[in-house]
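Summary of the model geometry
Each chain, written out:
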Amino acid sequence: MQELYLGNEAVARGAWEAGCRVVAAYPGTPSTEITENIAKYDDIYSEWSPNEKVALEVGIGASFAGARTMVCMKHVGLNVAADPLFTASYTGVNGGLVIIVADDPGMHSSQNEQDSRYYAKSAHIPMLEPSSSQEAKDFVKLAFDLSERYDTPVLVRLTTRVSHSRGIVELEERQQVDLKDYVKDVKKYVMMPGMARLRHKVLEQRESTLAADCNSLEINQEIMNGTKIGVITSGLVYQYTLQALPDASVLKLGMVYPLPIEKIKSFAAKVEKLYVLEELEPLIEKELKSNGIDCEGKSLFTVQGEYSANMIKKAILGEDAGEIAAESDLPVRPPIMCPGCPHRGAYYIMKKLKLVVNGDIGCYTLGALAPLSAMDTCVCMGASIGMNHGMEKARGTESSGKSVAIIGDSTFMHSGVTGLINVVYNSGNSTVIIVDNRTTGMTGHQNNPTNGKNIKGASAPEIDFEKLCEAIGVGFIKTIDPFDLKGFETGLKEALNFQGASVIISKRECALLDKKKWMPALSIDKDVCIGCGSCLKLGCPALVKDGKKVKIDGTLCVGCGLCVSVCPTGAIGNGENT
Amino acid sequence: MNTLSILIVGVGGQGTLLSSRILGKYAQLSGYDVKVSEVHGMAQRGGSVITYVRMGDKIASPIIEEGEAEYMLAFEKLEALRYIQLMKKSGKIIVNGQKIDPMPVITGTADYPNGIIDRLKNKIETFVFDAMSEAKEAGNIKAVNTVMIGKLANIMAGSKDIWLEAVRACVPPKTVDVNILAFERGYKL
Ligand code: SF4
Ligand code: SF4
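Report follows, based on the coordinates. (Residues numbered from 1 in each chain as written. Chains lettered and ligands numbered in written order. Predicted model: local features only at pLDDT ≥ 70, side-chain atom pairs only at ≥ 80, totals over all residues. Heavy atoms only, no water.)

Some thoughts on the overall build of chain B
The number of helices and strands found in chain B is eight helices and six strands. Counting from the amino terminus, chain B carries its helices and strands in the arrangement β-α-β-β-β-α-β-α-α-β-α-α-α-α. A globule of 189 residues ought to have a C-alpha radius of gyration of about 16 Å, and chain B, at 16 Å, matches this closely. Along the first, second and third principal axes, the C-alpha atoms of chain B reach 50 × 40 × 35 Å. When each of the 189 residues of chain B is scored for burial, the buried share is 66%. At a minimum sequence separation of 6, the contacts of chain B that also span at least 24 residues come to 64%. Accessible area for chain B stands at about 6900 Å²; split by element, carbon and sulfur atoms hold 48% of it. (Helix = DSSP H or I, 4+ residues; strand = E, 2+ residues; numbered from the N terminus. Rg over C-alpha atoms; globule rule 2.2 N^0.38 Å. Buried < 20%, exposed > 50% of the residue type's maximum accessible area, 1.4 Å probe, protein only. Contact = heavy atoms within 4.5 Å. Areas by Shrake-Rupley, 256 points an atom, 1.4 Å probe, with all protein chains shown as cover.)

Let's talk about the packing of aromatic side chains
Residue and element names in this part refer to chain A. Under the definition given, this model contains nine aromatic pairs over all chains. Considering the side-chain rings of Phe86 and Tyr119, the 6.2 Å spacing of their centres and the 70° angle between planes classify their relative orientation as edge-to-face. One end of the pair, Phe86, is in helix H5 (residues 82–91); the other, Tyr119, is in helix H6 (residues 117–123), and 33 residues separate them in sequence. Taking relative accessible area as the criterion, Phe86 reaches 29% and is therefore assigned partly exposed. (Phe/Tyr/Trp six-rings, centres within 6.5 Å; stacked < 30°, edge-to-face > 60°.)

Quick word on the site of ligand 2
Taken together, 13 residues surround ligand 2, and among them Cys529, Cys532, Gly533, Cys535 and Cys567 of chain A come closest. Taken together, the residues that form the shell around ligand 2 break down as nine nonpolar, four polar and no charged. (Near = heavy atom within 4 Å. Nonpolar A, V, L, I, M, F, W, Y, C, P; charged D, E, K, R; others polar.)

Thoughts on the sheet that holds strand S1 (residues 4–11) of chain B
The strand order across the open sheet formed by eight strands is S1(A)-S8(A)-S2(B)-S3(B)-S1(B)-S4(B)-S5(B)-S6(B), and the pairing between neighbours is mixed. Pairing within the sheet leaves two strands with one partner each, and these edge strands are strand S1 (2–6) of chain A together with strand S6 (125–129) of chain B. The average angle at which neighbouring strand axes cross in this sheet is 20°, direction not considered. Summarising the sheet, S1 of chain A and strand S8 (residues 165–170) of chain A pair through five bridges and their orientation is antiparallel. Across the sheet, the residue bridging to Gln2 of chain A is Glu170 of chain A, located in S8 of chain A. The strands that helix H1 (residues 7–17) of chain A touches are S1 and S8 of chain A; relative to S1 of chain A, the one it contacts most, it runs at about 115°. (Pairing = 2+ DSSP bridges. Axes fitted to C-alpha atoms, helices over the stretch in contact; angles between N-to-C directions.)

Quick look at the interface of chain A and chain B
Each partner contributes to the interface: chain A provides 59 residues, whereas chain B provides 57 residues. Between Arg333 of chain A and Glu79 of chain B there is a salt bridge whose closest N-O contact spans 2.5 Å. Looking at the side of chain A that touches chain B, the element that brings in the most residues is helix H11 (residues 236–244) of chain A, giving five residues. Of the residues assigned to the side of chain A that touches chain B, the class counts are 31 nonpolar, 18 polar and 10 charged. (Salt bridge = Lys/Arg side-chain N within 4 Å of Asp/Glu carboxyl O.)

Remarks on unusual backbone geometry
All names here are of chain A. Note that the residue after Thr29, namely Pro30, is joined by a cis bond; omega there is 10°. Relative to the helices and strands, Pro30 is located in the loop between strand S2 (22–25) and helix H2 (32–38). Backbone torsion omega between Ala370 and Pro371 reads 5°, so that peptide bond is classified as cis. Counting through the fold element by element, Pro371 comes out in the loop between strand S14 (356–358) and helix H16 (383–395). Of note in the backbone geometry, His124 takes a positive phi value of approximately 60° without being a glycine. For His124, a relative accessible area of 28% corresponds to the partly exposed category. At His445, a residue that is not glycine, the phi angle is positive and equals roughly 70°.

Remarks on the pattern of salt bridges
Pairing between side chains of opposite charge can happen when their charged atoms approach one another. For the structure on display, the rule yields 46 salt bridges over all chains. Linking Arg117 of chain A and Glu278 of chain A is a salt bridge whose minimum nitrogen-to-oxygen distance equals 2.9 Å. Taken together, the residues Arg117 of chain A in helix H6 and Glu278 of chain A in the loop between strand S13 (273–277) and helix H13 (283–290) connect sequence positions 161 residues apart. For the pair formed by Arg117 of chain A and Glu278 of chain A, the shared burial category is buried. Here Glu327 of chain A ties to Lys123 of chain B by a salt bridge, and the two come within 2.6 Å at their closest N and O atoms.

Some details on a nonpolar patch on the surface
Among the surface-exposed residues, Val186, Val190 and Met192 of chain A lie close enough to one another that they form a single nonpolar patch of about 220 Å² accessible area. Following the sequence through the fold, Met192 of chain A ends up in the loop between helix H9 (186–189) and helix H10 (193–213). (Patch = residues over 30% accessible without salt bridge, like charges linked within 9 Å, V, L, I, M, F, W, Y side chains within 5 Å.)

Observations concerning the sheet that holds S13 of chain A
All names here are of chain A. Across the sheet, which stays open at both edges, the four strands sit in the order S9-S11-S10-S13 with mixed pairing between neighbours. Two strands lie at the open edges of the sheet, namely strand S9 (221–223) and S13, each paired on one side alone. Taking each pair of neighbouring strands and ignoring which way they run, the sheet shows an average axis angle of 15°. Relative to strand S11 (residues 249–252), strand S10 (residues 229–233) runs parallel, the two being bridged by four bridges. The residue bridging Val231 from the neighbouring strand is Val250, located in S11. Sheet strands touched by H11: S9, S10, S11 and S13. Its angle to S10, the strand with the most contacts, is close to 160°.

Re the packing of H11 of chain A against helix H14 (residues 309–317) of chain A
All names here are of chain A. With their axes 8 Å apart at the nearest point, H11 and H14 run at an angle of 60° to one another. Taken as axis vectors, H11 and H14 run oblique relative to one another. Here H11 runs over H14; the crossing is right-handed. Across the interface between the two elements, Val237, Tyr240, Thr241, Gln243 and Ala244 of H11 pack against Ala309, Ile312, Lys313 and Leu317 of H14. Its residues assigned to classes, the contact of H11 with H14 comprises six nonpolar, two polar and one charged. (Parallel < 35°, antiparallel > 145°, perpendicular 65-115°, else oblique. Left-handed = near helix turned anticlockwise from the far one by under 90°.)

Points about the nonpolar core
Among the nonpolar cores identified, the biggest contains 83 residues, and Met70, Ile100 and Leu128 of chain A together with Leu7 of chain B are the most heavily contacted of them. If one sorts the elements of this core by residue count, helix H7 (residues 133–150) of chain A sits on top with eight residues. Two domains each put at least three residues into this core: domain 1 (2–216) and domain 2 (221–321) of chain A. Not counting residues within four places of it along the chain, the set of residues in contact with Met70 of chain A comprises Val11, Ala15, Cys20, Val22, Val23, Ala24, Ile34, Ile38, Val98, Ile100, Val140 and Phe144 of chain A. Core analysis: the next-biggest nonpolar cluster, separate from the first, contains 68 residues, Leu420, Ile433, Val435 and Ile472 of chain A among them. (Core = buried A, V, L, I, M, F, W, Y, C linked by side-chain atoms within 4.5 Å. Domains from an automatic or database assignment.)

So yeah, pure geometry; function would need other evidence.
Shown next as structure tokens:
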């Protein structure tokens, strides 16, 4: 049977077919749909862990216990999971352990475009890279085999275009893979210096065996055409290469670490000119050059963003593409907070109070954009609280009471809670706003430890923010509906004036969570509207200019009513636009 | 069949993913190789979104680049203009006349361009209609997708039965009837 699967869906299918029993993950674009699809298989235990480090630790435990296990994350998630990653490379596995990492060249939905292949190199873990949905499924299955054969975790690297492209996938049955025996083996599983030194030797031996064996690995595939141009590439760039250079010979690397140096040398000898085509860092190119293989790569391309077939055509063949010129003077359309978004109320007040806002990662990062423009910093998951504390310690009274950290419910559980503990422990004076919209929003609404549901939507224990903050020792805690603008402003001012750590829980459900709750669109009475523009400061996309006045786009408005409370003339209400 | 490239452009939240799913299904049912590249994540929050569908005997890249697209389904007219360079000169554009102001227009730092439809028509064959009122007539304002697909099916020719089968397979089961009606309205436009 064949299905048109997203790359991510194919990864999930591959794990299921390979007899995988346990999957743990934290959502992150472009990796999220892998685990969402895994959750549909009843014969796999799956969970959203609070962060990637915990997810990988769950994965390592399940592997030691004898189960085939997969852990999934986006590229920056691997930073969080890097601690267990490097040591799991020493211990090796029992049941196969596959770690999926999805990079985001071009930063479609990320804060940086780091190249995960360097993790494979520095942690000495083999890495596979598929170029299509079919390969995504096949490579995951192969990754489980390699993991058990070489006693190592195996990384599978995806990029946004592989994760989020659909292609035809041939489906197969699930392999019956039994749970392996768990046998106590402190020399393998307890990594303290005496044992780890021994394992480091094992690791070194394993890596050189793999480096030799990968020369005969089928997924490192030589496709000979002409001899004028040879290309070494992997992942989706392979597909661009096929399209841009149909006459070239290609060495397609299915394994991007370690590299099959002998195979590469023999390929290089067959072609007149050798190019390395790889997005982001010149990892393959540098490896080739250090092995004395002459090639060209980043001198013609860039370390920024994505490649394309036309880019390759232009750089190598000098051919231009396109028939119609692009329009250059168009207004941009950046992403925005949705109509009815609960965060809008919180940002409106923060902006009104002219606070320095340390932001975090989630839908609410969009509060940085005009017209709210109410965010000063955003670095990584959980960083807002630590940064706010740092600012306060650096600038003292000049800063305290005038800055806040804003962080989402899921992000707070991911890595914000430790920052809050730090504020309390080190006598900080930070105010933290936890924007609790009852879901992990930006990645497409996953459940988390604070909304009372697990990955399958079944009821689960719900962390109580107030009690948690109380237990940590936060002196001021208040839960407020951010659409109660007056109440929110008063509460926030109290929190800012409070000496010591203070937390506002801004609680209101994400507008997309239950569309059945949407109310009929509101409208503006033209005769009453004075065109003051107060409502436009909310940045709701449904409020649009209409000559000197404002109207509501009835196809976008969800009737949340927030604009009613900022209009000084009472022009907004139910009824037809006039 | 030579590779056929179809763009679907619009604003995040307009539900363009349904159209790409129907097109993917159509290709599969017609026995073609097919790849679809979607947008998930941040841009889905009201940003400019573009989905690529490519079908033919053997498809390598899932991405449509400058000068490659035969057809474009545009759910918003400014977005049609934004991606015009991806079209072949001989291509055809189907535009839903809807206008959604982007934030820079709302905040007054930019103007919504005038005469978009004329600008499109000067470059390429363009069909414009109000897909939203067509959908409303069919019985559900959300059936904009299938109105657009209906028009595309008519232009692309191919077996109407396969198109209908693809629509049936992809829309939510409870909405099959209204979507078929919407498809037919688009088909006749
Ligand atoms: S126009 Fe007003 S009521 Fe409608 S969604 Fe926007 S803020 Fe809410
Ligand atoms: S806030 Fe009220 S009066 Fe002012 S522009 Fe908006 S609708 Fe008109």
